[in-house]
Amino acid sequence: MDELRAVLENPHALITLSVLCLAVVLFIGGFLAPELTGLLSVSLLMATGVLEPQKALSGFGSPALITLMGLFAVSAALFKSGALDRLRELIAFESINTPRRLIGILGLVVAPISGIVPNTPVVASLLPVIEAWCIKRNLSPSRVLLPLSFATLLGGTLTLLGSSVNLLVSDISAQLGYGSLELFSFTAIGIPIWLVGTAYLLLAPEWLLPDRGREKTDFGSKPEQTGYFTEVTIPSNSELVGKSLHNSRLQRRFDVDVLELQRGKERLLPPLADRTIEPGDRLLLRVTRSDLLRLQQEHTVQLAQRSVENDRTNQFESFFAEGQKTVEVLLPAGSTLAGASLRELRFRQRHNATVLALRRGQQTVQERLGQAILHEGDVLLLQAPLDSIRGLQASNDLLVLDQLENDLPTLKRKPIAIAIAIAMILLPSLTQLPLVASVLIAVIAMVVGGCIRPTEVQRSIRLDVILLLGSLSSFSVAMQSTGLADMFAQGLEYWLEGLSTYFALLVIFFATTISTQIISNAASVALLAPVAVQLAPGMNLPPSALLMTVLFGASQSFLTPMGYQTNLMVFGPGRYRFLDVTRYGAGLTLLMTLLVPLLILWQY
């Protein structure tokens, strides 16, 4: 009681409590973006004199936050280089033809990847792949998208790199004087959680994931899914030679429709799935923009406009292709190019630009690319030197829509990107090199190795996440310095009195999980971690055990769409309703509530 009176008589404690309550109201009400709420809170703590600017803003320069910034760049380089293309291909295998089998891939393969790559970009990368998988099998995305989010959450607690929440807990642990967490500090707990959680995803009754249907959109409804029509030739050294389209990686890895196969003077129309591919075959494809840009980097096909026989010329052109830009141009009304074919116009010689593909609204273009008659409103995908693009911008016949060179993958750098990522993980484990130094070195190596451009490093960093985590770490400092953490801990000890250590940990875990559903997981960690560590002496546990309880409680966000960002990412595409998430996640939450305290006691 004396401690409570002392805290309440401390004006700085009252101010901190007021700011804390304001932040909780803003987080729940959503009146401000979470990162703006965090910035408002830290500015109020500085303006009222509760914290000096150096202490209040120390979170923005913390090793954990710098590590997270570097991880964003490393993740972008891995995705850009095609390091996870094998995973995309695995999902597209014909044998993965039921929701249960796909969920098995998500739990056993995608989840461990989320322990190394932050789970948010993993979901962002796989979301369109899984949507395409559902479309091809006429299944509702609601049957598999929530398991995608949950699987990445389960894998995100395998290592320190798996989630921004992990890094925030490491930062708070250092601020409280307990030292930063190591890369594999909680892996021994994370592995059983991942395995048990994956078993739940596989064994949960199908009715827990209702069929919400899917958006009835045509192939070209979205810019990224718009069908481009292009013509490719199969070179003699292609790995597709001797395989059927059904068994080839062309349709397993990429969202490609083969509209026609031309073999000499013979013209073959669908169905073509069982046709064996031969050298010199020409394929008329309908393909998404992103997949076309990837196919351009592969050696399995060649653009039909380039000479197949002159391999040296092709190598010479591909060598300099990196110095060219890829743009999308529109034939506006009144264009003098309309009504003629590319061949008649001698387009390549006239504009010093190669036409990669053609898009025409919802219509199918069945002619060969060079023979297709251009119409007003057609969109051409071009590759040309920068000077030629500037010339196009001055033309009244073509309107440059956007520059797409940043979409070009760097597939030749895939081995380099994978090697750098492996080294980034191994170096801190085998040497005394700090994790933050290893991540920053990996970022520089990715840039020097050509896996990512410097400008793309800047764009890859999620500023909203950085602002939120950097500002929220000030709460733990303020709660410690004003005595609020001790006061809350005493109140919590009163409610936990008489409970065994297991049930006390269970209450702390569940309280963290529930608060994560109401406010952000980062805010839950910032508010509860300083309080939980005060309970350690009374429970005969090290402070790290309580930090782990809060960390896993904040990471097991299976009850609401707002509980974690990946839940929100799949909520719209899956056409879920609010209680769908609760229905599917309640059993998993109960399972984790019983399991995690046992694992904490076993570990500590």
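Residues numbered from 1 in each chain as written. Predicted model: local features only at pLDDT ≥ 70, side-chain atom pairs only at ≥ 80, totals over all residues. Heavy atoms only, no water.

**So, the overall build of the protein**
The helix and strand inventory of the protein stands at 27 helices and 9 strands. When the 604 residues of the protein are sorted by exposure, 54% land in the buried category. Partitioning the contacts of the protein with sequence separation of at least 6, the portion at a separation of at least 24 is 79%. In the structure as shown, the protein presents an accessible area of about 25900 Å², 60% of it carried by carbon and sulfur atoms. (Helix = DSSP H or I, 4+ residues; strand = E, 2+ residues; numbered from the N terminus. Buried < 20%, exposed > 50% of the residue type's maximum accessible area, 1.4 Å probe, protein only. Contact = heavy atoms within 4.5 Å. Areas by Shrake-Rupley, 256 points an atom, 1.4 Å probe, with all protein chains shown as cover.)

**What about the side chain of threonine 152?**
Mapping threonine 152 onto the fold places it in helix H9 (residues 145-155). Assessed through its relative accessible area of 0%, threonine 152 is described here as buried. Of note is the side chain of threonine 152, whose polar atom sits 2.7 Å from the backbone oxygen of serine 149. Those residues in contact with threonine 152, other than ones at most four positions away along the chain, are Val110, Ser114, Asn119, Val122, Val123 and Thr566. (Polar contact = N/O pair within 3.5 Å; in protein donor to acceptor, adjacent residues only side chain to side chain.)

**Regarding the confidence of the model for the protein**
Looking at the protein, the pLDDT average stands at 81 and 87% of residues meet or exceed 70. When the elements of the protein are averaged for pLDDT, helix H14 (residues 311-321) gives the smallest value, 41, and helix H11 (residues 187-203) the largest, 94. For the stretch residues 216-225, pLDDT sits under 50, and the model shows 15 contacts to residues farther than four places along the chain or on other chains. Counting contacts from residues 306-322, a segment whose pLDDT is below 50, to residues more than four positions away or on other chains yields 12 contacts. (pLDDT = per-residue confidence, 0-100.)

**With respect to the packing of helix H23 (residues 501-518) against helix H25 (residues 543-555)**
At a minimum axis separation of 8 Å, H23 and H25 run at an interaxial angle of 40°. In the packing of H23 onto H25, the handedness of the crossing is right-handed. Packed against H23, whose contacting residues are Leu505, Ile508, Phe509, Thr512, Thr513 and Thr516, the element H25 presents Leu546, Thr549, Val550, Phe552, Gly553 and Ala554 at the interface. (Axes fitted to C-alpha atoms, helices over the stretch in contact; angles between N-to-C directions. Left-handed = near helix turned anticlockwise from the far one by under 90°.)

**Overview of a nonpolar patch on the surface**
Taken together, the side chains of Val25, Phe31, Leu32 and Leu36 define a hydrophobic patch exposed on the protein surface, amounting to about 390 Å² of accessible area. Secondary-structure assignment places leucine 32 in the loop between helix H2 (11-29) and helix H3 (34-47). (Patch = residues over 30% accessible without salt bridge, like charges linked within 9 Å, V, L, I, M, F, W, Y side chains within 5 Å. Salt bridge = Lys/Arg side-chain N within 4 Å of Asp/Glu carboxyl O.)

**Topic: the packing of aromatic side chains**
Applying the stated criterion across every chain, the model contains 5 aromatic pairs. Note on tyrosine 200 and tyrosine 584: the rings are 6.1 Å apart at their centroids and 55° apart in plane angle, and the pair reads as tilted. Linking tyrosine 200 in helix H11 with tyrosine 584 in helix H27 (residues 578-603), this pair joins segments that are 384 residues apart in sequence. As far as the burial class goes, tyrosine 200 and tyrosine 584 line up, both buried. In textbook terms, an aromatic cluster arises when at least three aromatic residues are bridged by ring pairs, as seen for Phe150, Tyr200, Phe558 and Tyr584. (Phe/Tyr/Trp six-rings, centres within 6.5 Å; stacked < 30°, edge-to-face > 60°.)

**As for the packing of helix H21 (residues 463-482) against helix H22 (residues 484-496)**
Between H21 and H22, whose axes approach to 5 Å, the crossing angle comes to 80°. On the basis of their axis angle, the class for H21 and H22 is roughly perpendicular. Every residue of H22 that contacts H21 at Met479, Gln480 and Thr482 is listed here: Leu484, Ala485 and Phe488. In terms of residue class, the contact of H21 with H22 is built from 4 nonpolar, 2 polar and no charged. (Parallel < 35°, antiparallel > 145°, perpendicular 65-115°, else oblique. Nonpolar A, V, L, I, M, F, W, Y, C, P; charged D, E, K, R; others polar.)

**Some details on the nonpolar core**
Residues Ile130 and Leu148 are the most contacted members of the largest nonpolar core, which totals 134 residues. With 10 residues, the single largest contributor to this core is helix H5 (residues 63-80). With residues up to four places along the chain from it excluded, the contact list for isoleucine 130 reads Ile91, Leu102, Leu106, Val144, Leu145 and Leu148. In terms of nonpolar packing, the next biggest core, distinct from the first, is built from 22 residues, Val287, Leu293, Leu356 and Ala357 among them. (Core = buried A, V, L, I, M, F, W, Y, C linked by side-chain atoms within 4.5 Å.)

**With respect to the pattern of salt bridges**
Applying the stated criterion across every chain yields a total of 8 salt bridges. In this structure, the salt-bridge partner of glutamate 206 is arginine 143, at a minimum N-O distance of 3.3 Å. A residue pair is termed long-range when its members are at least 10 positions apart, and glutamate 206 in the loop between H11 and strand E1 (228-233) and arginine 143 in the loop between helix H8 (119-136) and H9 qualify at 63 residues. Glutamate 456 is paired through a salt bridge with arginine 453; the nearest N and O atoms lie 3.3 Å apart. In this structure glutamate 456 comes out as buried when scored by relative accessible area, which is 8%. The network of salt bridges with common partners includes Arg100, Arg143 and Glu206.

**Concerning the pairing of strand E2 (residues 256-263)**
Of all 8 residues that make up E2, 6 are buried, and the element is covered over most of its length. Direction of pairing for E2 relative to strand E4 (residues 282-287): antiparallel, over a ladder of 6 bridges. Residue pairing for E4: leucine 261 is matched across the bridge by leucine 283. The sheet contact formed by E2 and strand E3 (residues 266-268) spans 3 bridges and is antiparallel. Within E3, the position partnered with arginine 263 by the bridge is glutamate 266. (Pairing = 2+ DSSP bridges.)

**Digging into unusual backbone geometry**
Comment: phi is negative for the bulk of residues other than glycine, and the bulk of peptide bonds are trans. Despite not being glycine, arginine 346 shows a phi value in the positive range, around 50°. Take arginine 346: it is sitting in the loop between helix H15 (342-345) and helix H16 (347-351). Judged by its relative accessible area of 52%, arginine 346 is exposed. For arginine 575, which is not glycine, the phi dihedral falls at a positive 55°. Take arginine 575: it is sitting in the loop between helix H26 (565-571) and H27.

**Observations concerning the environment of tyrosine 576**
Checked against the element boundaries, tyrosine 576 lands in the loop between H26 and H27. As a C-alpha pair, tyrosine 576 and aspartate 211 span 365 residues in sequence and 9.1 Å in three-dimensional space. With residues up to four places along the chain from it excluded, the contact list for tyrosine 576 reads Pro141, Ser142, Arg143, Val144, Leu145, Leu146, Leu209, Val570 and Phe571. A distance of 2.7 Å separates the side chain of tyrosine 576 from the backbone oxygen of serine 142, its partner in a polar contact.

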